[in-house]
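Spelled out from the first residue to the last, the chains are:
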Amino acid sequence: DGENAGRALLSRVRMGAYLGEGYIYYGEGATIIEGGDLNQLKDAASQPNIYLMTAQRLLLLKGGSANLNFCTDIWGVSFERTVQIHVSEAANDEETGYCVFDIMYFEKESEELAEKRNQKSKYISKHVGLGRLHCTSIQLPFDGGKKLIEEITRLTDVQCFGDFADK
């Protein structure tokens, strides 16, 4: 049932644009702590969102079980552009049942910008530069975060480390 719901959810994001990537896992209760385009994510930070993993990317969706007919992707990153993911327990005096994913990734446009620069210059640069490296921190329910990191390490080459990523 969870897999069917996840596939149905994925079909409602960008009119099914990511369906060909293959559904892997989804859960609810993700909150953006910091990073990304803060103007775009202002209202996303105030409410729990859906996190969804395909074989090629991680998405954060606005919507939820109340409205599964339409979901908007408010943040996403391809695993190809992801450098590393650090996982830690959420900072709190009491046990919260949440973990934090600090996701380090290159901005999507960085490759396109580097390519345009190379076309105008006689010197070719193969590296995009650290100026386009970003970090977005997302808080997830602990069990969902643990399952998500297991799937990421199983299916991708992304370096994952931290509280339960190394186990």
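Residues numbered from 1 in each chain as written. Predicted model: local features only at pLDDT ≥ 70, side-chain atom pairs only at ≥ 80, totals over all residues. Heavy atoms only, no water.

(A) How the structure looks around the environment of isoleucine 103. With respect to the helices and strands, the residue isoleucine 103 is situated in strand β6 (residues 98–106). Distance in space between the C-alpha atoms of isoleucine 103 and histidine 134 is 8.0 Å, their sequence separation being 31 residues. Contacts of isoleucine 103, omitting those with residues within four sequence positions, involve Leu58, Trp75, Val77, Thr82, Gln84, Ile85, His134, Cys135, Thr136 and Ile138. (Helix = DSSP H or I, 4+ residues; strand = E, 2+ residues; numbered from the N terminus. Contact = heavy atoms within 4.5 Å.)

(B) Structural view of the nonpolar core. Within the largest apolar cluster, 25 residues are counted, with the highest numbers of intra-cluster contacts made by Trp75, Ile85, Phe101, Ile103 and Leu148. When contributions to this core are tallied by element, the ones reaching two or more residues are β1 (23–34), β2 (49–54), β3 (57–64), β4 (67–78), β5 (82–89), β6, β7 (133–141) and α4 (142–155). The element contributing the most residues to this core is β6, with 4 residues. Excluding residues that lie within four positions of it along the chain, leucine 148 makes contacts with Tyr25, Tyr51, Met53, Leu58, Phe101 and Leu140. If you look at the next biggest cluster of nonpolar residues, it comprises 10 residues, including Leu10, Tyr23, Ile50 and Cys71. (Core = buried A, V, L, I, M, F, W, Y, C linked by side-chain atoms within 4.5 Å. Buried < 20%, exposed > 50% of the residue type's maximum accessible area, 1.4 Å probe, protein only.)

(C) Region of the structure containing the packing of aromatic side chains. Tallied over the full model, the rule gives 3 aromatic pairs. Ring centres 6.4 Å apart and planes at 55 degrees place the aromatic pair tyrosine 23 and tyrosine 26 in the tilted group. When its relative accessible area of 12% is taken as the criterion, tyrosine 23 is described as buried. Plain terms: the ring middles of tryptophan 75 and tyrosine 105 are 5.7 Å apart, the flat faces sit at 75 degrees to each other, and that makes the pair edge-to-face. With tryptophan 75 in strand β4 and tyrosine 105 in strand β6, this pair connects stretches of sequence that are 30 residues apart. On the basis of relative accessible area, tryptophan 75 is assigned to the buried category, the value being 8%. (Phe/Tyr/Trp six-rings, centres within 6.5 Å; stacked < 30°, edge-to-face > 60°.)

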